[in-house]
Amino acid sequence: MMETGKGVERMNEFALLAAGMAIILAASFVQSLTSFGFALIALPLLSLFLPLHQAVPVIVIFSLFVCLGVAISNRRDIRLRQIWLLILAGVIAAPFGTYLLLVVRGEVLKAATGVLITLFAALMLLGRTFPIRSERTAFVTAGLLSGLLNGSISVSGPPLALILSNQGMSKQAVRANLALNGVILNTVSVISFAAAGLLNRETGGFLGWTFPAMLLGAWLGVKAVNRFDERLFKGVSLWLILVSGIWTALSGFGRV
């Protein structure tokens, strides 16, 4: 009976690991394709069998690797002079997001984030743009929100993707600038996680086993990006935000 119990436990571990690999592959593909979306895909699914304080560091670390690859390959489209306020605001806010991860219930964080993401995505899918009188103020606001979300539940991309699209950036420029922001913001978040004691042996083991899946997903995303035209790219991105926002909210409310 003891041997049977151990065998079942090993099978369960293998099934969870296989599910984790599939989730990481899909999330890496989306992130490589759009420069955001890793957490939107991975968070609702990984949090079904990993505690939030373990799933979030995994997502942020993998997102960092994918963003680094996208930023390097699209470095000519980076507009640092335009987005530096976004980056700076996010860097300042990220450690506070990690504090929220430690003190606020995960369900509350997921529900609030999902509702916010769904609202913005729905407005943009309806063709609504947001007249911005001061781009600097808007960028600071979006950057602060992005940093808080990245440090707490690893979802940093939607606020930035929405405002950059709202400002009329091209597909390549959106990808490049989101990727650069992701590299910097995720690095700060990883440092915050380490300082908070959230990087442990279990997290490292999961990262090691699923790392090949991340590489494969990122490679497939790079190969697919040139097959999307500008209009299709924005449409797919917004629908991705909407669906994942709804899923994240429902997950926070305990409905999925």
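Note that the structure is predicted; figures quoted are calculated from it, not measured.

Along its length, the protein chain carries 10 helices and zero strands. Written out in order from the N terminus, the α and β elements of the protein chain read α-α-α-α-α-α-α-α-α-α. Expressed along its principal axes, the backbone C-alpha trace of the protein chain runs to roughly 70 × 40 × 35 Å. Burial status across the protein chain gives 50% buried among its 256 residues.

Over its 25 residues, helix 8 (residues 171-195) runs 36 Å from end to end, which matches the ideal 36 Å to within 8%, given 1.5 Å per residue. Within helix 8, 19 of the 25 residues are buried, which leaves it mostly tucked inside the rest of the structure. Immediately beyond the C-terminal end of helix 8, within one or two residues, lies Gly197, with a positive phi of roughly 80°.

This part takes up the packing of aromatic side chains. Summed over the entire model, instances satisfying the criterion amount to three aromatic pairs. Both rings, one in Phe38 and one in Phe62, keep their centres 6.4 Å apart while their planes meet at 40°; by these two values the pair is tilted. With a gap of 24 residues between them, Phe38 in helix 2 (residues 38-46) and Phe62 in helix 3 (residues 52-73) connect regions that are remote in the sequence. Here Phe38 matches Phe62 in class, with each residue buried. On the numbers, 6.3 Å between centres and 40° between planes, the contact of Phe62 with Phe211 is tilted.

Mapped onto the elements of the fold, Thr118 is located in helix 5 (residues 106-125). Residues within four places of Thr118 in sequence aside, it is in contact with Leu242, Gly245 and Ile246.

With respect to the helices and strands, Ala18 occurs in helix 1 (residues 2-34). Assessed through its relative accessible area of 36%, Ala18 is described here as partly exposed.

Let's shift gears to a nonpolar patch on the surface. Judged by side-chain polarity, Leu80, Trp84, Leu88, Ile92, Phe96, Leu144 and Leu148 come together as a nonpolar surface patch covering roughly 660 Å² of accessible area. The biggest single contributor to the nonpolar patch is helix 4 (residues 80-103), with five residues. With respect to the helices, strands and loops of the structure, Leu80 is situated in helix 4.

So, about the packing of helix 2 against helix 3. It is the contact of helix 2 with helix 3, at a shortest axis distance of 10 Å, that shows an interaxial angle of 155°. Here helix 3 runs roughly antiparallel to helix 2, going by the angle between their axes. Both helix 2 and helix 3 take part in a crossing whose hand is right-handed. Only Leu52, Ala55, Val56, Ile59, Phe62 and Ser63 of helix 3 make contact with helix 2, whose side of the interface consists of Phe38, Ala39, Ala42, Leu43 and Leu46. Along the lines of polarity and charge, the residues of the contact of helix 2 with helix 3 split into 10 nonpolar, one polar and no charged.

What follows concerns the side chain of Ser189. Checked against the element boundaries, Ser189 lands in helix 8. Of note is the side chain of Ser189, whose polar atom sits 2.6 Å from the side chain of Asn150. Apart from the residues lying within four places of it in its own chain, the contact partners of Ser189 are Val60, Ala94, Asn150 and Gly151.

All right, on to the nonpolar core then. Ranked by internal contacts, the top residues of the largest apolar core, which has 62 residues, are Ile24, Leu46, Leu164 and Ile241. Here this core takes 13 residues from helix 3, the largest share from any one element. Excluding residues within four positions of it along the chain, Leu164 makes contact with Ile83, Leu86, Phe139, Met169, Val174, Asn177 and Leu178.

Time to look at the confidence of the model for the protein chain. With 90% of its residues at a pLDDT of at least 70, the protein chain reaches an overall mean of 81. Taken element by element, the predicted model of the protein chain shows its lowest mean pLDDT in helix 1 (74) and its highest in helix 9 (residues 201-225) (89).

What counts and how
Residues numbered from 1 in each chain as written. Predicted model: local features only at pLDDT ≥ 70, side-chain atom pairs only at ≥ 80, totals over all residues. Heavy atoms only, no water. Helix = DSSP H or I, 4+ residues; strand = E, 2+ residues; numbered from the N terminus. Buried < 20%, exposed > 50% of the residue type's maximum accessible area, 1.4 Å probe, protein only. Expected span 1.5 Å × (residues − 1). Phe/Tyr/Trp six-rings, centres within 6.5 Å; stacked < 30°, edge-to-face > 60°. Contact = heavy atoms within 4.5 Å. Patch = residues over 30% accessible without salt bridge, like charges linked within 9 Å, V, L, I, M, F, W, Y side chains within 5 Å. Areas by Shrake-Rupley, 256 points an atom, 1.4 Å probe, with all protein chains shown as cover. Salt bridge = Lys/Arg side-chain N within 4 Å of Asp/Glu carboxyl O. Axes fitted to C-alpha atoms, helices over the stretch in contact; angles between N-to-C directions. Parallel < 35°, antiparallel > 145°, perpendicular 65-115°, else oblique. Left-handed = near helix turned anticlockwise from the far one by under 90°. Nonpolar A, V, L, I, M, F, W, Y, C, P; charged D, E, K, R; others polar. Polar contact = N/O pair within 3.5 Å; in protein donor to acceptor, adjacent residues only side chain to side chain. Core = buried A, V, L, I, M, F, W, Y, C linked by side-chain atoms within 4.5 Å. pLDDT = per-residue confidence, 0-100.

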